[in-house]
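Structural overview for review
One-letter residues, chain by chain:
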Amino acid sequence: MKKIPKHFRWFLILMVGLLAIDLFTKYFFYDLQLGSKISFIQPMFNLGISRSMKVPGFVSIGIGWISLLLFILIYHKKYISWVLAALLIAGTLGNMVDRIWLGGVRDFLTVGNWFPVFNFADILLNVWILSYFWKEFFTWKNKTKH
């Protein structure tokens, strides 16, 4: 029997932990509205991919499953680190759980009236995007010097 790599265990722990934080914050701030007295927390139910765009549920869920399979493939091929894979998968699962059970995503954070409402899963996905492009830019830059 093949031994499970140590980093895979940490990947699962990090991914499940981040997913739990996302689901807990959505419940705490959106469902219970305990954070509504804080100025930057404005609970909102988001039915579409963006704030006003409605998308049929099966399309959103299908895109989510395809994305998850692609993320796992990208991780398996070692294009990204296990930490980035955990961020990506936890963020996607967090929003997909909402879409499956609630038909939309619970958003509750905003920077002001000029910025879209978002949640913890969106933060994870944006950190992944920035980290990935940062890594790719500097990897490309270092490869061209040799």
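Residue positions are given per chain, counting from 1 as you read along its sequence in written order. A pLDDT threshold of at least 70 governs which residues receive local features in this predicted model, and a stricter bar of 80 or more applies before side-chain atom pairs are shown or counted, although totals over entire chains, interfaces and linings include all residues. Note that the side-chain values use all heavy atoms of the structure and ignore hydrogens as well as water.

Observations regarding the packing of aromatic side chains
A pair of aromatic rings is counted whenever rings of Phe, Tyr or Trp (Trp by its six-membered ring) have centres within 6.5 Å, and the orientation is called stacked for planes under 30 degrees apart, edge-to-face for over 60 and tilted otherwise. Following the criterion strictly, the structure yields 6 aromatic pairs and no others. Arranged with centres 5.7 Å apart and planes meeting at 25°, the rings of Phe24 and Phe28 form a pair that is stacked. In this pair, Phe24 and Phe28 both sit in helix 1 (residues 6–31), 4 residues apart, roughly one turn of the helix. Look at Phe28 and you get partly exposed, because its relative accessible area is 28%. Ring pairing ties together the aromatic residues Phe24, Phe28, Phe29 and Phe108, which thus form one cluster. A run of H or I in DSSP becomes a helix once it reaches four residues, and a run of E becomes a strand once it reaches two; helices and strands are each numbered from the N terminus. Burial classes: relative accessible area under 20% of the type maximum marks a residue as buried, over 50% as exposed, and values in between as partly exposed (1.4 Å probe, protein chains only).

As for the side chain of Arg106
Turning to its location among the elements, Arg106 is positioned in strand 2 (residues 105–109). For Arg106, a relative accessible area of 8% translates into the label buried. When near neighbours in sequence (up to four residues on either side) are disregarded, Arg106 contacts Leu23, Lys26, Tyr27, Tyr30, Asp31, Met44, Phe45, Asp98 and Asn119. Residue contacts follow a heavy-atom distance rule, with two residues in contact if any of their heavy atoms lie within 4.5 Å.

Scope: geometric values only; no functional claims are made or implied.
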